[in-house]
Amino acid sequence: MRHAAQLRIGPVGFRIGSDWRGPIAQLETLYADYPQPHDGIPDFTVRLFAARPWRRFLRPSVEIGGDYLLADAAPLPLAQGLLAAEMGMNLQMALGQRRYLLLHASAVERDGKALLMTGLSGAGKSTLAALLSARGWRLMGDEFALIDPATGLAHAFPRLVSLKNESVAVVEAAIPRAHFADAIEGTPKGRIRHLVPDAAAIAAMDTPAAPALILFPSFGFAPATRPVPPSEAFARLTQASTNYVALAERGFDALTRLVRDVPAAAIDYPDTDAAIARVEALWEAVA
């Protein structure tokens, strides 16, 4: 690769190589405060490359590769190079991570305890994590929650927070002094703008937390809260995990312990104020 950068997000190190300087320059700026991989050795490699030499210059088209890849992944325009890099890192985690049980979830921490939030796309888990981080919670992650099968602790993975469409303006208004990347228009999921986690999240990313509450939020409904029994939480979380099957018995044991020991609830909410109020009320009951 002509250009490359290395960084560590929580316990996981990455090397990102690119045929173009632009995506690497963006990563170096947005991840400037992040450490290097342990001992300088990355866990995963991401490659952003042109499938044909002329694609570096003529209608540049970014293919995503790396240690693990999806053969039918569609290329992205160079203007979406940052998104390609983030997708590449997420892909390596989803397909190759075996040290931790991965949950497609956002996570925040308060007083050494973690709140895990997972749901379908559009449920608002990224927005809620960003807003809670502005209210004194530590952001542990936006894309993945990492559960240690040996200890049951949640480990932080505070990558850039991917905000989409209407959530961009909501978080911009709530955290006006935050560091945002330039907006990316016309992606498969619409308008995306990345939020850089604050200094506290980066400084404490090597500190795990004990899960204390699992939350299944749903945006766009009248306010409602209901407890989720362990059997339902287990079924939902198997669907939210990208490596549960690959971990086999370790994954089953880790997920069984999580739903047995940690209460779960589902909330419906029409706006973020209602969601924050319900989160705080549920947290008071378990903290």
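One structure accompanies this document, and this report is about it. Predicted, not measured: the structure shown is a model, and the values here were computed from it. (Residues numbered from 1 in each chain as written. Predicted model: local features only at pLDDT ≥ 70, side-chain atom pairs only at ≥ 80, totals over all residues. Heavy atoms only, no water.)

1. Thoughts on the sheet that holds strand S14 (residues 190–195)
For clarity, the threshold we go by: One bridge is not enough; two strands pair if DSSP finds at least two bridges between them. A helix here means a DSSP run of H or I that spans at least four residues, while a strand means a run of E at least two residues long, and both kinds are numbered starting from the N terminus. Geometry is summarised by axes, namely lines fitted to C-alpha atoms with helices restricted to the contacting stretch, and by angles between N-to-C directions that run from 0 to 180 degrees.
If you walk across this open sheet you meet the 3 strands as S12-S14-S13, and the pairing is antiparallel. A strand with exactly one partner marks an edge of an open sheet, and here the two such strands are strand S12 (161–164) and strand S13 (184–187). Direction aside, neighbouring strands of the sheet carry axes that sit 35 degrees apart on average.

2. Overview of helix H3 (residues 125–133)
What counts is decided by this rule: Buried, partly exposed and exposed residues are distinguished by accessible area as a fraction of the type maximum, computed with a 1.4 Å probe on protein chains only: under 20%, between the cut-offs, and over 50%, respectively.
When you tally the buried positions in H3, you get 9 out of 9 residues, the bulk of the element. Of all the residues in H3, the buried ones are Lys125, Ser126, Thr127, Leu128, Ala129, Ala130, Leu131, Leu132 and Ser133.

3. Details of the nonpolar core
Selection rule: Note on terminology: a nonpolar core comprises buried Ala, Val, Leu, Ile, Met, Phe, Trp, Tyr and Cys residues joined through side-chain atoms within 4.5 Å. What makes two residues a contact is simply this: any of their non-hydrogen atoms within 4.5 Å.
Phe14, Ile16, Tyr31, Met89, Met93, Leu103 and Leu116 are the most contacted members of the largest nonpolar core, which totals 65 residues. Among the elements that take part in this core, helix H2 (residues 81–96) stands out by supplying 7 residues, more than any other. Excluding residues that lie within four positions of it along the chain, Met93 makes contacts with Val12, Phe14, Phe44, Leu102, Phe144, Leu146 and Phe157. In terms of nonpolar packing, the next biggest core, distinct from the first, is built from 30 residues, Leu195, Leu213, Leu215 and Leu282 among them.

4. Considering the pattern of salt bridges
Where we set the bar: The working definition used for a salt bridge is a side-chain nitrogen of Lys or Arg within 4 Å of a carboxyl oxygen of Asp or Glu.
Going through the model one piece at a time under the given rule, you end up with 12 salt bridges. Between Arg8 and Asp206 there is a salt bridge; the shortest N-O distance is 2.7 Å. Here Asp206 lies in the loop between helix H5 (199–203) and strand S15 (210–219) and Arg8 lies in strand S1 (residues 3–9), a separation of 198 residues in the sequence. Under the relative-accessibility criterion, Arg8 is labelled buried at 7%. A salt bridge links Arg226 to Glu232, with the shortest nitrogen-to-oxygen separation between them at 2.7 Å. For Arg226, a relative accessible area of 35% translates into the label partly exposed. For Glu232, a relative accessible area of 23% gives the class partly exposed.

5. Side note on the environment of Ala5
Here Ala5 is to be found in strand S1. Along the backbone, Ala5 and Pro23 are 18 residues apart, and their C-alpha atoms lie at a distance of 9.8 Å. Once you skip the residues sitting within four places of it in the chain, Ala5 turns out to touch Phe14, Arg15, Ile16, Ile24 and Glu28.

6. Some remarks on the packing of aromatic side chains
Two numbers describe a pair of aromatic rings. These are the distance of the centres and the angle of the planes. Put simply, the test is: Geometry of aromatic contacts follows a simple scheme: Phe, Tyr and Trp rings, the Trp one being its six-membered ring, pair when their centres are within 6.5 Å, and the pair is stacked under 30 degrees between planes, edge-to-face over 60, tilted otherwise.
For the structure shown, the criterion picks out 9 aromatic pairs. With a centroid separation of 6.3 Å and an interplanar angle of 70 degrees, the aromatic rings of Phe44 and Tyr68 are classed as edge-to-face. Taken as a pair, Phe44 in strand S3 (residues 44–49) and Tyr68 in the loop between strand S4 (61–66) and strand S5 (76–77) lie far apart in primary sequence, 24 residues in all. The class for Phe44 is buried, based on a relative accessible area of 7%. An aromatic cluster of three or more residues is present, and its members are Phe14, Phe44, Tyr68, Phe144 and Phe157.

7. Details of the packing of helix H1 (residues 21–30) against H2
The criterion, for reference: Each angle is binned into one of four classes, with values under 35 degrees roughly parallel, values over 145 roughly antiparallel, values of 65 to 115 roughly perpendicular, and all other values oblique. Charged residues are taken to be Asp, Glu, Lys and Arg, nonpolar residues to be Ala, Val, Leu, Ile, Met, Phe, Trp, Tyr, Cys and Pro, and polar residues to be all remaining types, Gly included.
At a closest axis distance of 8 Å, the pairing of H1 and H2 adopts a crossing angle of 70 degrees. Relative to H2, the element H1 lies roughly perpendicular. Contacts between H1 and H2 involve Pro23, Gln26, Leu27 and Leu30 on the former and, on the latter, Gly81, Leu82, Ala85, Glu86 and Met89. Classifying every residue of the contact of H1 with H2 by side-chain character gives 6 nonpolar, 2 polar and 1 charged.

8. Regarding unusual backbone geometry
Although it is not a glycine, Arg59 sits at a positive phi angle of roughly 45 degrees. Secondary-structure assignment places Arg59 in the loop between S3 and S4. Positive phi, normally seen in glycine, also occurs at Ala248, with a value near 55 degrees. Its location among the elements puts Ala248 in the loop between helix H7 (244–247) and helix H8 (249–261).

9. Some details on the sheet that holds S4
Spatially, S1-S2-S3-S4-S5 is the arrangement adopted by the 5 strands of the open sheet, whose pairing is mixed. Two strands close off the open sheet at either side, each with one partner strand: S1 and S5. With 4 bridges joining them, S3 and S4 adopt antiparallel strand pairing. Among the inter-strand pairings, Phe49 is bridged to a residue of S4, identified as Glu63. Strand contacts of H1: S1, strand S2 (12–18) and S3, with the helix running at about 30 degrees to S1, the strand carrying the most contacts. Most of the contacts of H2 go to S3, to which it runs at about 145 degrees, and overall it touches S1, S2, S3, S4 and S5.

10. Quick look at the side chain of Ser241
Inclusion rule: Each polar contact in these results corresponds to two N or O atoms within 3.5 Å; when the atoms are within protein, one needs to be able to donate a hydrogen and the other to accept it, and residues that are neighboring in sequence are counted only if both atoms are side-chain atoms.
With respect to the element layout, Ser241 can be found in the loop between helix H6 (230–240) and H7. Classification of Ser241 by relative accessible area gives buried; the value is 12%. Among the polar contacts made by the side chain of Ser241, one reaches the main-chain carbonyl oxygen of Leu102 at a distance of 2.7 Å. There is a polar contact of 3.0 Å between the side chain of Ser241 and the backbone nitrogen of Tyr244.

So far we have only geometry, and geometry alone does not tell us how the molecule works.
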